[in-house]
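# What the coordinates show
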Amino acid sequence: MTVPGIVGVLGGGRMGAGIAHAFLLAGARVQLVERDEEQADAARERVLSSIATSVTRGDLADAAGATASLTVGTDFAAFANAGLVVEAVPEDHDLKTGALTRVEQVVRADAVIASNTSSISIDSLAASLTRPEQFLGLHFFNPVPASKLVEIVTGSRTARRVVDDAREWVATLRKTPVVVRDSPGFASSRLGVMLGLEAIRMLEENVADAADIDAAMELGYRHPMGPLRTTDIVGLDVRLGIAEELARELGPRFEPPQLLRRMVAEGKLGRKSGEGFYVWNEER
């Protein structure tokens, strides 16, 4: 099985652009939709930059085919013929439900709709849809091109065949699917956020500096990246939003540390802002 011939992606930020890039490399035509022309232009540049990097690394022989298969715009009607549409808008329940409802209004009846949410209940999002059996979570990880994991999140009404198709699509992207039942934080966010929050508390309490906390997990537990550097890459604002959602659902053990709240308020969001627990000098 291959990926659908036409794949829609709603939202062209770092995650959405990465998802579009993954499906382009798998041979799909990708329709990427953003909220306005300025954001659409920025999204196009993100995807084209990723394509160029893939050519440099030898993951793609020629950029021309992938580039020609990408369409970027602002009209939801672009999703009309897509077999799959992945929603990748910011992690806000109302924003996502509004976006998903608009997507369902324009796609064909047999199209699969997926949310890239990292923590919001799939059943909660599905409540706004008329075809919840065609809906599930496809939680990609940042950065998408380098990550080998996609978390498939099944709602209580997600059709079995949709889950089976999703498994094969993820495998075609050369990533590993893990299937989890809809629950607060799923598997990856629930475990990853808990570790990240405790690392922030340790930093807040002056137990050790950021580099040493990360080194303890990298060298002592063979984590490829420490929890604070990971938080910088994910985005402190994203981690804060997930923690707040989990605290509401699972209780005070997920209550965000004041240090995290303060850094987000100061605009220190991690790699995307240039500073978080580390200073990032790379081009963003």
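This section reports on the structure supplied with the text. (Residues numbered from 1 in each chain as written. Predicted model: local features only at pLDDT ≥ 70, side-chain atom pairs only at ≥ 80, totals over all residues. Heavy atoms only, no water.)

Moving on to the side chain of H139. If you trace the backbone, H139 turns up in strand β6 (residues 135-140). For H139, a relative accessible area of 5% corresponds to the buried category. Only 3.5 Å separates the side chain of H139 from the side chain of S188, close enough to count as a polar contact. The residues contacting H139, other than those within four sequence positions of it, are S115, N116, T117, S118, L149, V150, E151, S188 and S189. (Helix = DSSP H or I, 4+ residues; strand = E, 2+ residues; numbered from the N terminus. Buried < 20%, exposed > 50% of the residue type's maximum accessible area, 1.4 Å probe, protein only. Polar contact = N/O pair within 3.5 Å; in protein donor to acceptor, adjacent residues only side chain to side chain. Contact = heavy atoms within 4.5 Å.)

Turning to helix α9 (residues 227-234), its buried residues number three or more, namely P227, L228, T231, D232 and I233. Tucked into the core, α9 has its buried residues touching α7 (188-204), α8 (210-220) and α10 (236-250). G235 lies just past α9 and shows a positive phi near 110 degrees.

In total, this model carries two aromatic pairs according to the counting rule given. A centroid spacing of 6.4 Å and a plane angle of 65 degrees characterise the contact between F23 and F140, whose relative ring orientation is edge-to-face. Of this pair, F23 sits in helix α1 (residues 14-25) while F140 sits in strand β6, placing them 117 residues apart in sequence. For F140, a relative accessible area of 2% gives the class buried. Ring centres of F76 and F79 lie 6.0 Å apart, and the angle between their planes is 80 degrees; on these two criteria the pair is classed as edge-to-face. For F76, a relative accessible area of 11% translates into the label buried. For R102, the ring lying beneath its charged end belongs to F76, and the centroid distance is 3.9 Å. (Phe/Tyr/Trp six-rings, centres within 6.5 Å; stacked < 30°, edge-to-face > 60°. Lys NZ or Arg CZ within 6 Å of the ring centre and 35° of its normal.)

Turning next to the environment of G235. Tracing the backbone through its elements, the reader meets G235 in the loop between α9 and α10. Put simply, G235 and V264 are 29 residues apart on the chain and 9.2 Å apart in space, counted from C-alpha to C-alpha. Beyond its immediate chain neighbours, meaning those up to four positions away, G235 contacts L269 and K272.

For the rest of this paragraph, the subject is the packing of α7 against helix α11 (residues 258-265). Where α7 meets α11, the closest approach of the two axes is 8 Å, and the angle between their N-to-C directions is 90 degrees. If you check the angle between α7 and α11, you find them roughly perpendicular. Between α7 and α11, the residues in contact are L197, I200, L203 and E204 and Q258, L259 and L260, respectively. (Axes fitted to C-alpha atoms, helices over the stretch in contact; angles between N-to-C directions. Parallel < 35°, antiparallel > 145°, perpendicular 65-115°, else oblique.)

Burial analysis of β6 places six of its six residues in the buried class, which makes it a mostly covered element. Alternating residues of β6 divide into F135, G137 and H139 and L136, L138 and F140, and every residue in both groups is buried. Across three bridges, the pairing between strand β5 (residues 112-115) and β6 is parallel. Along β6, the bridge assignment pairs S115 with G137. Inspection of the sheet shows β6 paired to strand β7 (residues 149-154) by four bridges, in the antiparallel sense. (Pairing = 2+ DSSP bridges.)

This next bit is on the nonpolar core. Counting residues in each nonpolar core, the largest one holds 39 residues, and the members touching the most others are I19, F23, L32, V47, L84, L138 and F140. Among the elements that line this core, the one with the most residues is α1, at seven residues. In contact with F140, not counting residues within four places along its chain, are M15, I19, F23, N116, V150 and L173. (Core = buried A, V, L, I, M, F, W, Y, C linked by side-chain atoms within 4.5 Å.)

By the definition in use, this model includes twelve salt bridges. A salt bridge links E87 to K96; its shortest N-O distance comes to 2.4 Å. Here E87 and K96 have matching classes, each one buried. One salt bridge in this structure joins K268 and E275, with 3.9 Å as the shortest N-O distance. (Salt bridge = Lys/Arg side-chain N within 4 Å of Asp/Glu carboxyl O.)

Honestly, it's all geometry; don't read function into it.
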